Amino acid sequence: MSEAVVLRGIGRTFAGRRPIAALDGIDLTVRAGEFVTLFGPSGSGKSTLLRIIAGLERADAGTVQVLGGPPREAARRKDIGWVPQNAALLPWARVRTNAGLSALVNRRADRSSHPQRVPQDVDGILAEVGLADFADARPGQLSGGMQQRAALARVFVQGAPLLLMDEPFSALDEITRSSVRLQLLDLWERHRKTVVFVTHSAEEAALLSDRVIVLSPRPGRITAEIEVPIPRPRADCAADSDAVRAVEREITAALRAGASG
Amino acid sequence: MSARRVALAVGAPAALLLLLGLLWSWTASANPSVLPPLASLPAELAARPDFYVRNLGHTLVSALSGFGIGVGAALLLAIAVVHAPVLRSAVLPVALLLNVTPVVAIAPALVVAFGFTQVPNIVVAALTAFFPMLINALAGFRNVDRGSLEVFRSMAASRTDVFLRLRLPSSLRYLFAGARLSASAAMVGAIVSEFTGSTRGLGATIVTATTYLNLPQMWVAILVSALVSLALLGLIGLVERIVVRW
């Protein structure tokens, strides 16, 4: 399958005394294996759009196809890996159990054959993210960056073909953020999943993505799609390289144009 | 823990107890009809240990049975409410009504219904233990990290998975807090219910002692019930420390 996510005419309005239109007329196709970033100002509906793709929220208008069907069907097959803003690790469970969570829930999905999802070995992924020595630790014993690495390990162990990440590094300090970002780049280049990533950071979007989707302020509409021409692998690509800076400037300019237009 | 902290943790309560002991002795000598001499309490306990053990046993059976029934019912109801929120508006007002109805008023009505048996004591203990656990369990089961809930939902985890692997463990601190409140409430409920229609238990012992102005017996029964309640709280705290290790 070449299209992992297909959105047509997506709209979402939050009801209330004064209804708030969060998204309007979103058309987007994400190809399988692509790393797409949703970028926009606060209130542009990036996270809402991601939640609609995950099936955590319903759209008021339009259609959503995820891996060839409705999002909830993909979720039932455990084909969606979700990384929320906080690491969302279970504090009572050890790192190994947290990373292997997908094997403990919705076991019905494991009994049928799913060629799209390829669960990975927990210890292998923990070694990949540098947490092999902390497999028996509890999340409270880990730093913020290590917790976020454990959260990344959880989705890569799940082996879902589609990963949805909602500002996963927003709570980290700049140094930790840049290190965990490189970890994600490394993991993605090794496992080649389809990723839809939400961020506020133009630098992060430029460094990680194949394509950046720029959203306007509320209601969120797509105002620009920017292809990122930086060759992969990018693990050694410095965040302050000319290529990254050029894409970052393009993203920021598109954001400003979208906000003023 | 540093030596200073240990000294403070042991010394402060010891100093307070000493002060209370002095105050007690002064009151007892000034007005013997209010408090018995402090030395008469251990003498009373040593003279009739079987009597107090028997009555404490009766009260403990009522309190612990009531605690088990009340806490069990509260947990089942909280689980039902979390999975069917529509029940919340039906259940909470009734639970609140039960909670605000004075135990002293219920106890005689239960004696009429169940006779002079231990059943009214157990029912009152269960009623008093029910509400604190219900409120804490509801708060605990609902107070789940949103990110974790989304991770579970993104994998289409079943309700059982969400409850057993997320809601239950993340609510343990609430549940232990509820258990502590419910244990004290069950002891109070059992003793108060023994005030009416019971010839056994610490509550009945206190009432009998009051009738005959047997101050040493009354105060030994009161102190024994307080110490046993304290021991129950300590036991629950110990189990919490073993279970909740994060």
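Residues numbered from 1 in each chain as written. Chains lettered and ligands numbered in written order. Predicted model: local features only at pLDDT ≥ 70, side-chain atom pairs only at ≥ 80, totals over all residues. Heavy atoms only, no water.

A. Up close: the sheet that holds strand E2 (residues 20–31) of chain A. Residue and element names in this part refer to chain A. In spatial order, the strands read E2-E1-E4; together these three strands make up an open sheet with antiparallel pairing. Only two strands of the sheet have a single neighbouring strand rather than two, namely E2 and strand E4 (61–66). Between one strand axis and the next, the sheet turns through 15 degrees on average, direction left out of account. Across five bridges, the pairing between strand E1 (residues 3–14) and E4 is antiparallel. Looking at E4, one finds that Gly11 is bridged to Ala61. Sheet contacts for helix H1 (residues 46–54): E1, E2 and E4; angle to E1, the most-contacted strand, approximately 125 degrees. (Pairing = 2+ DSSP bridges. Helix = DSSP H or I, 4+ residues; strand = E, 2+ residues; numbered from the N terminus. Axes fitted to C-alpha atoms, helices over the stretch in contact; angles between N-to-C directions. Contact = heavy atoms within 4.5 Å.)

B. Spotlight on the UniProt feature "domain: ABC transmembrane type-1" (unreviewed entry) in chain B. As recorded in UniProt, the sites labelled "domain: ABC transmembrane type-1" (unreviewed entry) are residues 56–240 of chain B. Structurally, residues 56–240 of chain B is divided into 86% helix and 0% strand, and its ends, taken at the C-alpha atoms, are 25 Å apart. (UniProt positions renumbered as here; feature names shortened; annotations may be inferred.)

C. Just a nonpolar patch on the surface, in detail. All names here are of chain B. Residues Leu16, Leu17, Leu19, Leu20, Leu23 and Trp26 make up a contiguous nonpolar surface patch of roughly 710 Å² in combined accessible area. Along the polypeptide, Leu19 turns up in helix H1 (residues 3–30). The exposure class of Leu19 is exposed, given its relative accessible area of 55%. (Patch = residues over 30% accessible without salt bridge, like charges linked within 9 Å, V, L, I, M, F, W, Y side chains within 5 Å. Areas by Shrake-Rupley, 256 points an atom, 1.4 Å probe, with all protein chains shown as cover. Salt bridge = Lys/Arg side-chain N within 4 Å of Asp/Glu carboxyl O. Buried < 20%, exposed > 50% of the residue type's maximum accessible area, 1.4 Å probe, protein only.)

D. Here's a closer look at the nonpolar core. If you look at the biggest cluster of nonpolar residues, it comprises 50 residues, and the most contacted ones within it are A:Leu126, A:Met165, A:Leu184, A:Phe197, A:Val212 and A:Ile251. Counting residues per element, this core draws most heavily on helix H6 (residues 144–158) of chain A, which supplies eight residues. Apart from the residues within four sequence positions on either side, A:Phe197 is in contact with A:Phe35, A:Val36, A:Thr37, A:Leu38, A:Met165, A:Pro168, A:Phe169, A:Leu184, A:Glu204 and A:Leu208. Counting residues in hydrophobic clusters, the runner-up holds 47 residues, among them B:Ala63, B:Phe67, B:Leu138 and B:Ile206. (Core = buried A, V, L, I, M, F, W, Y, C linked by side-chain atoms within 4.5 Å.)

E. Quick peek at the interface of chain B and chain A. Each partner contributes to the interface: chain B provides 19 residues, whereas chain A provides 23 residues. Buried area between chain B and chain A, both sides added, is near 1,800 Å², and the carbon and sulfur share of it is 63%. Together, B:Ser154, B:Met155 and B:Arg165 form the three largest contributors to the area buried by chain B at its contact with chain A, with a combined 33%. On the surface where chain B and chain A come into contact, there are one salt bridge. With a shortest N-O distance of 2.2 Å, B:Glu150 and A:Arg51 are connected by a salt bridge. Remark: the boundary between chain B and chain A carries eight residue pairs in polar contact (both at pLDDT 80 or more). Breaking the side of chain B that touches chain A down by element, the ones donating at least two residues are helix H7 (146–154) and helix H8 (159–170) of chain B. Considering each element in turn, the side of chain B that touches chain A owes the most residues, eight residues, to H7(B). Residue classes in the side of chain B that touches chain A are distributed as eight nonpolar, four polar and seven charged. (Buried area = accessible area lost by both parts, 1.4 Å probe. Polar contact = N/O pair within 3.5 Å; in protein donor to acceptor, adjacent residues only side chain to side chain. Nonpolar A, V, L, I, M, F, W, Y, C, P; charged D, E, K, R; others polar.)

F. Region of the structure containing the sheet that holds strand E9 (residues 222–227) of chain A. All names here are of chain A. Judged by pairing direction, the sheet is mixed, and its six strands sit side by side in the order E5-E6-E7-E3-E8-E9 without closing on themselves. At either end of the open sheet lies a strand with only one pairing partner, and these are strand E5 (80–83) and E9. Averaged over all pairs of adjacent strands, the angle between strand axes in this sheet comes to 15 degrees, irrespective of strand direction. Pairing geometry for strand E6 (residues 162–166) and strand E7 (residues 194–199), over five bridges, is parallel. Across the sheet, the residue bridging to Leu164 is Val196, located in E7. Along the sheet, H1 makes contact with strand E3 (35–39), E5, E6, E7 and strand E8 (211–215), crossing E6 at roughly 150 degrees.

G. Summary view of the side chain of A:Arg138. All names here are of chain A. One can find Arg138 in the loop between helix H5 (122–128) and H6. Buried charge without a salt bridge: Arg138, with Asp136 as the nearest opposite-charge side chain at an N-O distance of 9.7 Å. At 3.1 Å, the side chain of Arg138 forms a polar contact with the backbone oxygen of Trp92. (Lys, Arg positive; Asp, Glu negative; His and termini not counted.)

H. Representation of the environment of B:Leu38. Relative to the elements of secondary structure, B:Leu38 occurs in the loop between H1 and helix H2 (40–47). Distance in space between the C-alpha atoms of B:Leu38 and B:Ala3 is 32 Å, their sequence separation being 35 residues.

I. Looking closely at unusual backbone geometry. All names here are of chain A. Looking along the chain, the bond that leaves Arg218 and enters Pro219 is cis, with omega of -5 degrees. Geometrically, the link from Arg232 to Pro233 is a cis peptide bond, its omega value of 0 degrees lying close to zero. Along the chain, Pro233 turns up in the loop between E9 and helix H9 (242–260). At Leu67, a position not held by glycine, the phi torsion is positive, near 50 degrees. Residue placement: Leu67 occurs in the loop between E4 and helix H2 (71–76). Phi is positive for Glu167, which is not a glycine, with a value near 45 degrees. Residue Glu167 is classed as buried on the basis of its relative accessible area of 11%.

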